[in-house]
Amino acid sequence: MEERWVALELASTIRHDGAGGVTDDLATAPGTTRWIQERADLPVLALPAGGIVADDSLRAEITELRRAVRTLFARAVGPAPPSPADAHRLLPADEALARLNRVAAREPVVPQLDWPRDGAPVVRLPSTEGDPRVRLLAALARAAIDFLSGPQREQLRACTAPRCVRYFVKSHGRQEWCKPSCGNRARAARHYRRVRESGDTGGSAPGSTPP
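From a predicted model like this one, the values you see are computed outputs, not experimental measurements.

Scoring rules and cut-offs
- Residues numbered from 1 in each chain as written.
- Predicted model: local features only at pLDDT ≥ 70, side-chain atom pairs only at ≥ 80, totals over all residues.
- Heavy atoms only, no water.
- Helix = DSSP H or I, 4+ residues; strand = E, 2+ residues; numbered from the N terminus.
- Buried < 20%, exposed > 50% of the residue type's maximum accessible area, 1.4 Å probe, protein only.
- Contact = heavy atoms within 4.5 Å.
- Expected span 1.5 Å × (residues − 1).
- Polar contact = N/O pair within 3.5 Å; in protein donor to acceptor, adjacent residues only side chain to side chain.
- Phe/Tyr/Trp six-rings, centres within 6.5 Å; stacked < 30°, edge-to-face > 60°.

Undergrad: Tell me about the overall build of the protein chain, residues and numbers included.
TA: Within the protein chain, the secondary structure is distributed over six helices and six strands. Secondary structure elements in the protein chain, listed N-terminal to C-terminal, are α-β-β-α-α-α-β-β-α-β-β-α. Here the protein chain holds 211 residues, and 37% of them are scored as buried. The contacts in the protein chain between residues at least 6 apart in sequence include a share of 54% that link residues at least 24 apart.

Undergrad: Break down helix H3 (residues 56–77) for me, with residues and values.
TA: Helix length check: H3, at 22 residues, gives a terminal C-alpha distance of 31 Å against a target of 32 Å (1.5 Å per residue), a fit within 8%. Between a side-chain oxygen at the N-terminus of H3 and the backbone nitrogen of Ser57 the separation is 3.2 Å; the capping residue is Asp55.

Undergrad: Can you explain helix H2 (residues 29–37)? Please cite residues and give values.
TA: Buried residues of H2: Ala29, Gly31, Thr32, Thr33, Trp35 and Ile36, and no others. In this structure, the buried side of H2 is in contact with helix H1 (6–11), H3 and helix H5 (132–148). Of the residues that open H2, the one with a side-chain oxygen 3.0 Å from the backbone nitrogen of Gly31 is Thr28.

Undergrad: Give me the lowdown on the packing of aromatic side chains, citing residues and values where you can.
TA: In the structure shown here, the tally under the stated rule is three aromatic pairs. Geometrically, the ring pair formed by Phe73 and Phe147 is tilted, given 5.2 Å between the ring centres and 35° between the ring planes. Pair noted here: Phe73 is in helix H3 and Phe147 is in helix H5, with a separation of 74 residues, a long-range link. In this structure Phe73 comes out as buried when scored by relative accessible area, which is 0%. Note on Phe147: relative accessible area 1%, which makes it buried.

Undergrad: Provide a residue-level description of the environment of Asp94, including the pertinent values.
TA: Tracing the sequence through the fold places Asp94 in helix H4 (residues 93–104). Taking the C-alpha atoms as reference points, Asp94 and Thr71, 23 residues apart in sequence, are found 9.9 Å from one another.

Structure representation (structure tokens):
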């Protein structure tokens, strides 16, 4: 099963729309609710059984957290260029760090050791926070902290395919793009540049149609 990183999924809510533009999955409260509900099975989020319905206030808090995460992703991929989607409106790194840590600290948790007689010891993090929205925000922030402090940070990349704005974790040594369709688009763009530079403009580049 492919490993999932909630922080990467949050950053990827800003994405290429398939028609040459950029879309935001969290642009509206219903869209934010849908994104949350699609992750109801992730233990790291510990969502309540009834789910969470986002309003404009929660949507704004999640998107502000996303801005901090994307700022720190941009820092992680440096000196390579960040995603072009929001490179012009990233936060100062210190402000992004402070925002991430502040949101994570909103949920008080105390590590507890659980050691059954017939099993291995495990650490639980029981929460004393009663508001599921606060728990969700803190869980998203902690997921970003875990991601950025883990080994996958070294493999984080910004996809350089034309029109793509995603970050991805490089899974093998030759991987340059987040998905095969981006690779096809990038190769087509390179071919078109070579043809244009050679002065042969007799035809369009193969594969240049948007996916």
